[in-house]
Amino acid sequence: MKTKQIAYILVAVVLLTLNVSCEKWLDVQPNSQVKSSELLSTEQGYKEALAGIYTLLTDNSLYGKELTYGMHGVLSHEWKNYPLAYADDAQYDYETTLSQGRIEGIWSKMYNAISNTNYLLQNIDNSQVFSGKNYEIIKGEALALRGFIHFDLLRNFGVSYVLNPNQQAIPYVTQYSAKQTAQSTVQVVIEKIIEDLKAAKELLKYDPIYTGEVINEFNDNGYLLNRQLHLNYYAVEALLARIYLYIGKYDLAEIAANNVIQANKFAFVSQASFASGVDPSGASEQIFGLQLNTLSLNNTNFLSDEGTTTFSLDQASKSLYISSTDDYRSYLFINGTTTNTLNNIYTLKYAKTTDDSYYINKIPIIKLSEMYLILAESLWSQDKDPLLVLNRQRNARGLSSLTVLPTDVRTLFTNEYRIEFLAEGQLFYYYKRINQEIIHGSTTNLVNSKGYTFPIPPNETTSADRQPNR
Amino acid sequence: MKHKNTLNFKTSFLAFTLLGTLCIPKDTMAQVPATQVQSIPKVIGRVVGSDHKPLSGVTVSIKEDKQNITTTNRVGEFILSPQKQDETLAISAIGYKTQEIKLSKDTKLPLIIKLEETTDQIEEVIVTGYGTRSKESFTGSASTFTKEELLRVGNKNVLQSLQNLDPSFVLTENLSIGSDPNALPDVQLRGQSGVGDIRGDYVGNPNEPLFILDGFIANLQKIMDLDMNRIASITLLKDAAAKAIYGSRAANGVIVIETIVPKEGAMRISYTGNFNLEAPDLSSYQLANATEKLQIEKNAGRYNAVHPFTQELLNEQYNQRFKSIEEGVDTYWLSQPVRVGLGDKHTLMLEGGTQTLRYGLDFTYNNVKGVMKGSNRENIGGSINLSYRTGKVIFRNILNINFNKSNNSPYGAFSEYTRLNPYDSPYNEVGNLRKTLNTFVTSPFTGGSTTYYFNPLYNASLETKNFSKYHELTENFYAEWTPIESLRFTGRIGYTFNGSASENFLPGDHTNFALWTGENFYKRGSYTMVDGVSNSVNSDIYANWSKTIGKHSILINGGANVTAMQSQNHGMTAWGFLNNRVSYITFAKQYADNGVPSGTESIQREIGLIGFTNYSYDNKYFADLSIRRNASSMFGADNRWGTFWSIGLGWNVHQETFLKNLTHINLLRLRSSLGSTGSQNFNPYQAMTIYNFFNSSTYDNISGAYLAGLANDRLKWQEAFDYNVGTDIRLFDRLNVKLDYFISNTNNLLIDFTLPPSTGYYSYKENLGRTQKKGYEGTINYLVFSDKSTQSHFSVFTSFAHNSNKLLEIANALKQINSERDGSTENLNVPKIRYEEGQSINSIWAVPSLGIDPATGREVFRSKDGTSTYNWNPDDQVVIGVSDPKLRGNLGFNLEYKGWGLSTSFRYTLGEDYYNSTLVNRVENVNIAYNVDTRVLYDTWQQIGDEAIFKRITATPTTTRPTSRFLQKKSDLTLSSINAYYDFKWKNLSKYHLKNLKLGFYTTEAFVLSTVRTERGTEYPFARTFSFSLQTTF
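Residues numbered from 1 in each chain as written. Chains lettered and ligands numbered in written order. Predicted model: local features only at pLDDT ≥ 70, side-chain atom pairs only at ≥ 80, totals over all residues. Heavy atoms only, no water.

Test applied: UniProt positions are given in the numbering used here, feature names are shortened, and annotations may be inferred rather than shown by experiment.
With an unreviewed UniProt entry as reference, chain B is termed SusC/RagA family TonB-linked outer membrane protein, source organism Sphingobacterium pedocola. The annotation that UniProt attaches to chain B under Sequence similarities (unreviewed entry) is "Belongs to the TonB-dependent receptor family."

If you check an unreviewed UniProt entry, chain A appears there as RagB/SusD family nutrient uptake outer membrane protein from Sphingobacterium pedocola.

So this is what it looks like as structure tokens:
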């Protein structure tokens, strides 16, 4: 009797282990790709997944081209000359194949990056693989990324906040799933972004750039060395400043911008660095920049004499930007040299630096100068005097101080945004924020034609239930 | 020293015996009873066949005494000395039923033993791959064919022969690959149910049936290269009751192939030789000759221009062509790359052994030479087959090795030759091959374009390489244990290794690179190398219990199997081979621009639990039940295990007493079944959340990872639910009829589900969508005449099949694809596959045409609202036909008279809707820069008032979008094979030391009669095959 029982138990145990090992055996590990469970079983895997999200953002459909000097450069009429393929964008006609393709690219690639972020966030709390404060930093960055990407989606696909904060805009996606997320209004999206960014800021209090911890190549292979290439603590603060200004919370914008400036972690580029071509993109003043391996190739193809589909200025439009030869930024232009391009003036912002190490391949996303401009505009909007702040920014660019505020302060800001953020894509958002009807270089009324808001692309509206966003 | 000892011993033994015999006292001898000696006489006998002709080589043994064995001599006689009384004599020979004769003292000598042939024995069982089942009580729909039947309808390969035997087994006609010996055909069993390869989700053909060779999964390539002489039988399992034991892989049907088991006896050597001749069939082409072509170009306005300078240039070019025609140039390009291919195939087999240990060895060499010069497929293979039987245990081992090398023609694609203009000569004045045949310049000004005509024959004269090869090793081991008669345990393990390689080398001088100039000049020439390895291990164990108690017969079978497969390949491309003489990859200047190594890799694992049972009552009523649970690594983690099952019921009406008296009804069986199976011909990593890496960029010194897509954890197999009813009838011992009707519903069709991109992805894989196919099939054969004594018979056969399919439910993704395809600018001239609920997968969509307007030469269409229009609008497309034939099948006869035999087999299809793309591409949509069909000259609209079939042609090609004007009804009759032979069994071959000899002649695909005229074999021509075969045994 007893032996029989033991036999049964043995059989049951064998069957159970068989069943368990069966499942394991059937769970094959591909060689050519990595299963997510495999990748996210190590800290290194999380670092790679995070680096992947940043890399996704450097795609030419996003910050690698269209959201910086490409489509957004055309939309803000920064450029005098641009490829024929962008003619419809210049007219704010978003229904043609080419412009629709670019808009769809922005929508789908941004959400793809968000999905990658969500997958990482979905798994990070169940992982006990982190050393030091890497859990906090990686999670903080991921939350910040989610907020950051959604904010730029909102600036593209949601109506200007001043126009109608209760207009339906974009879905704020927080899950990796085939389930569609409902649309939210501009106001709600902003709230969710701020919520994510605040959480990120809290976690990023362990960020070495904030704690001042000294990082060298030996700590963790220097993983936490280049904080400007990540959404670091100050980048989140700077992003908050940008958002508060966008929604007219000037007091909060003032505090946030001040926080970044007061931290003294970032420095304006020197005249020498501009003049010698060491740091044309202003690496030292980037609070957050993206690293694009192919930046100099893109520069050659799209922003130089050697390219066939290029973006450039001419003498007349350049003079709009550079009013004085004292301006250090005047070093950042070069004339075309071939017979066809003699009148073209190209920007050198993304040209290959003469120094390969620190300055190479960086696209500015949030810069120190923007903090000064946000601070100044916040002060001005609260009827405080922005002159001191404005002059600090002007002096940093080699311009003399203004003694008195001009009557048209708005034009002062507009011109400063135009020159400061050339080829960075911020000018269009600036115009949108203030909802300017007619902008320089275009006769279209952008407000009436709804040119500030992209239509949600058709492949989204056909397979999901979406309210009008414009 | 030892030798000497033995000799001494022998001599002394002999001496002792002699001495002993002499010295035995007389009385001792007398004590031995005399009767006892007489009671065990030598058994003398003669073995004959049913025709009373003596049979040689028949094994005769004493059943109780295995060592006591002999074989019959040339005239069928044998002598055997039994040791004991009342023993049993066993007489056995291949192809005959084993007989046992109980010996007694009354047995009359010499024995005349007549052996009965066992020709129809194999038809009585169904080989399911998990043992054999009696046909008498099998509810499934299956057809079995023997080696002889396969060889009767062709000697090319198994697939070709099956197509001529069973109407439900179809090699889909591929007009482009023609008779390319290296192209794998598309195989379907009972039509198609899967939606074609829409976005590359499937691995290979989604409708491909499962092949089981000696119990284990084999791929199509292996079956195609399998020597037909090794085959014992092939069984097609068609419905759920037959195939459910193969579970998630069986939805498309299962083809079970068993190779021959060596027979015991003295060593027999048999040899089969085939000498094949393949001749190109170019009869479907009707291309313009030089004069006609130039006229067509002129009519189309190729040499007309407004600007006088341009006109002058065009005149010059016209005159150059005209002059060469005057000089007698009229090149028939089609004949340039083709040849008559002479191939040969040899099979040598050895077999024999005792009842305990049997062995079989075979060696095969097969060289198929295609009709394109330089193309061939060579197989060298061999196998060792050992079988050991002792008491209750049987071991069997098959080791097979195959080496294959396939060369593709250095002459390139046949389509290149059909395009070339006949007024160009491949040779220059001194008889050397030209590299550039001609050029055509449209204008002397900038903006004018130049068309170059390169000579593909020049490429063939270079040292190019284009081949693939593989070597494969298969080791299968079987063990069987029968502790008691009703119970049997079986275990099998199989291992397959396949190593493959392919190379494609084009030297810099190849015309592909002729226009690479400047810095690209040094990159001319390319070399691509790919190599791959795949392994698979299969194993299963099962138990089989069968018992007959009174009128009840029960069979229960249960077991488990495990499968693991792994494969990978990698390749690279190098550029820059400027020297024609070096053809080795290391001479490359560089890798391909921006090139990276390529490769694919997959791992698949599977576990299955099988059980099936059969019950039959009094041989009248019977039922089958089978169930399989199986799990695969390919399925989503939440849906790992699937259950497949089937139920079948059958009734042997002829066993009923009310029919027993009707002697002309030999067989009347009704059977029906239903059940579910799955198919999983999709990407093995489809259901996993996978990260890919950015391989060309890093972020902050880290190589970033990104999600490859949105994984579906619930992803599972496609499920087919089959219903089948059928009947088997045999009347007057002459007429055999088998009819089946089926409905198969495929659920959970694996398709892309379109997602809003805000989820981050455009689509993900979902089990959505349903298709239904319905069909019937039948075979009838009638034995017109039969005479056992002369072994003569004449029988006719015909078979038919019909199936149609319908999309019941499709996902939005497919709708999306429809609009994507409407918007696409590729292949504008062919009807696009569109998916619409309620329509067949094989629907042809086009805009209804009202013909060619005689006034303008333009086509008039009927738009959706009924109005006439010149404009082609995709929204006006309707279903104009379905490309499934109304009926397809085979017919033919088999005749044998005193050793002379003749078999023919025709294949037919009736009433297929066919979109004639030859007419579109070669007549109407022609690019007159290249050669065209002569109908361009005669049937095209030329001037106002012409009632033409084809619209007007202009110098710049215009695209004819899908129109009902080119829909034709297609019916075909193909003479698929003729086989004539003479069997020397009526002659006494022993003086030539031969046991038998059979000489045969085959011709396959001799002609095709079709109601539609279309170019057949566009990339590789079709061939007519003639072959001689010789079969003999020593």
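Quick notes on the overall build of chain B
Applicable threshold: Secondary structure elements follow DSSP: runs of H or I of four or more residues count as helices, runs of E of two or more count as strands, with numbering from the N terminus. Note on definitions: a residue-residue contact is assigned when non-hydrogen atoms from the two residues lie within 4.5 Å. Under this rule, positive means Lys or Arg and negative means Asp or Glu; His and the chain ends count for nothing. For the purpose of locating charges, the reference atoms are NZ of Lys, CZ of Arg, CG of Asp and CD of Glu.
Summing up its helical and strand segments, chain B has 15 helices and 51 strands in all. For chain B, the C-alpha atoms occupy an extent of roughly 135 × 75 × 65 Å along the three principal directions. Looking at chain B alone, contacts between residues at least 24 apart form 70% of all its contacts between residues at least 6 apart. Charged side chains in chain B number 104 positive and 99 negative. The centres of these two groups are separated by 6 Å.

Description of helix α5 (residues 158-165) of chain B
Test applied: Only protein chains enter the accessibility calculation, which uses a 1.4 Å probe. A residue is then buried if its area is under 20% of the maximum for its type, exposed if over 50%, and partly exposed in between. Counted as a polar contact is a pair of N or O atoms within 3.5 Å, where, for protein atoms, one must be capable of donating a hydrogen and the other of accepting one, and residues adjacent in sequence contribute only when both atoms are in side chains.
Taking burial as the measure, the eight residues of α5 of chain B include eight buried ones, the bulk of the element. For α5 of chain B, the side-chain oxygen to backbone nitrogen distance between the N-cap and L159 of chain B is 3.0 Å, and the N-cap itself is N157 of chain B.

Some details on the packing of helix α15 (residues 368-381) of chain A against helix α16 (residues 387-396) of chain A
Residue and element names in this part refer to chain A. As a reminder of what qualifies: To define axes, lines are fitted to C-alpha atoms, for helices over the stretch in contact only, and angles between the resulting N-to-C directions are given on a 0 to 180 degree scale. Throughout this description, any angle smaller than 35 degrees is read as roughly parallel, any larger than 145 degrees as roughly antiparallel, any in the 65 to 115 degree range as roughly perpendicular, and the remainder as oblique. Two helices that cross are described as forming a left-handed crossing if the nearer one is turned anticlockwise from the farther one by less than a right angle, and a right-handed crossing if clockwise.
Packing of α15 against α16 brings their axes to within 8 Å, and their N-to-C directions diverge by 160°. It follows that α15 is roughly antiparallel to α16 by the angle criterion. The two elements α15 and α16 meet at a crossing, and its hand is left-handed. Where α15 abuts α16, its residues S369, Y372, L373, L375, A376 and L379 lie against V389, L390, R392 and Q393.

Thoughts on the nonpolar core
Note the cut-off: Nine residue types can take part in a nonpolar core, namely buried Ala, Val, Leu, Ile, Met, Phe, Trp, Tyr and Cys, and a core is a set of them joined through side-chain atoms within 4.5 Å.
With 144 residues, the main nonpolar core has L57, I190, F288 and M371 of chain A as its most contacted residues. For L57 of chain A, the residues in contact, after removing those within four places along its chain, are L62, Y63, G64, M110, A113, L145, F148, I149 and L290 of chain A. Of all hydrophobic cores here, the second largest spans 27 residues; its members include M372, Y423, A460 and A929 of chain B.

A word on the pattern of salt bridges
Opposite charge on two side chains allows them to pair when their charged atoms are near. All names here are of chain B. To keep it simple, the criterion reads: One speaks of a salt bridge when a side-chain nitrogen belonging to Lys or Arg is within 4 Å of a carboxyl oxygen belonging to Asp or Glu.
Throughout the structure, instances matching the rule amount to 59 salt bridges over all chains. For E472, the salt bridge goes to K222, with nearest N and O atoms at 3.4 Å. Here E472 is found in strand β24 (residues 465-484), whereas its partner K222 is found in helix α6 (residues 220-224), with 250 residues between them in sequence. Judged by relative accessible area, E472 falls into the buried class, the value being 8%. Measuring nitrogen to oxygen at the nearest pair gives 2.8 Å for the salt bridge that ties D225 to R377. Of this pair, D225 sits in the loop between α6 and β15 (231-237) while R377 sits in strand β20 (residues 376-390); the two residues are 152 residues apart in sequence, bridging distant segments of the chain.

A word on the interface of chain A and chain B
Heads up, the rule is: Buried surface area refers to the total accessible area, computed with a probe of radius 1.4 Å, that the two partners give up upon joining, counted for both partners together.
Listed by partner, the interface residues are 55 residues for chain A and 47 residues for chain B. The junction of chain A with chain B conceals about 4,300 Å² of combined surface from both sides, 59% of it contributed by carbon and sulfur atoms. We note a salt bridge from R640 of chain B to D27 of chain A, for which the minimum N-O separation is 3.6 Å. Those elements giving two or more residues to the side of chain A that touches chain B turn out to be α1 (2-26), β1 (34-35), α2 (36-39), α3 (43-57), α6 (97-124), β4 (286-291) and α19 (458-463) of chain A. Residue contributions to the side of chain A that touches chain B peak at nine residues, all from α3 of chain A.

Let's talk about the packing of aromatic side chains
Note the threshold: Pairing of aromatic rings covers Phe, Tyr and the six-membered ring of Trp, with a centre-to-centre limit of 6.5 Å; geometry is then stacked below 30 degrees between planes, edge-to-face above 60, and tilted otherwise.
On inspection of all chains with the given rule, the structure shows 62 aromatic pairs over all chains. For the ring pair F428 of chain A and Y429 of chain A, a centre distance of 6.4 Å and an interplane angle of 55° mean the geometry is tilted. By relative accessible area, which is 3% here, Y429 of chain A ends up buried. Here Y453 of chain B and Y930 of chain B contribute two aromatic rings whose centre-to-centre distance is 5.5 Å and whose plane-to-plane angle is 65°, an arrangement assigned as edge-to-face. Here Y453 of chain B, found in strand β23 (residues 450-454), pairs with Y930 of chain B, found in the loop between α14 (917-924) and α15 (935-939); they are 477 residues apart in sequence, far enough to count as distant. Note on accessibility: Y453 of chain B and Y930 of chain B belong to one class, buried.

Here we look at the packing of α15 of chain A against helix α17 (residues 409-420) of chain A
All names here are of chain A. Axis separation between α15 and α17 bottoms out at 11 Å; the angle between their running directions is 170°. Taken together, the axis directions place α15 and α17 in an arrangement best described as roughly antiparallel. Residue-level contacts link S369, E370, L373, I374, A376, E377 and W380 of α15 to V409, R410, F413, E416, Y417 and E420 of α17.

Re the sheet that holds strand β13 (residues 210-213) of chain B
Residues and elements named next belong to chain B. Here is the rule: By definition, two strands form a pair when at least two bridges between them are found by DSSP.
Spatial strand order, β10-β15-β16-β13-β14: five strands in an open sheet with mixed pairing. The outermost strands of the open sheet, each flanked by one partner alone, are β10 (142-146) and β14 (216-218). Taking the axes of each pair of neighbouring strands and ignoring which way they run, one obtains an average angle of 25° across the sheet. Two elements, β13 and β14, share three bridges in a ladder whose sense is antiparallel. The residue bridging I212 from the neighbouring strand is I217, located in β14. Taken strand by strand, α5 contacts β10, β13, β15 and β16 (254-259), and its axis lies near 55° from that of β15.

Remarks on the side chain of E859 of chain B
Residue and element names in this part refer to chain B. Note that E859 resides in strand β43 (residues 859-862). Of note is the side chain of E859, whose polar atom sits 2.8 Å from the side chain of R965. Setting aside anything within four residues of it in sequence, one finds E859 in contact with S849, G851, I852, T869, Y870, T960, T963 and R965.

Observations concerning the environment of D722 of chain B
All names here are of chain B. Counting through the fold element by element, D722 comes out in strand β35 (residues 718-731). D722 gets classed as buried once you look at its relative accessible area, which sits at 5%. The sequence separation of D722 and S646 amounts to 76 residues, and the corresponding C-alpha distance is 9.0 Å. Those residues in contact with D722, other than ones at most four positions away along the chain, are K238, D239, A240, K243, S673, L674, G675, T677, I743 and S744. Only 2.6 Å separates the side chain of D722 from the side chain of S744, close enough to count as a polar contact.

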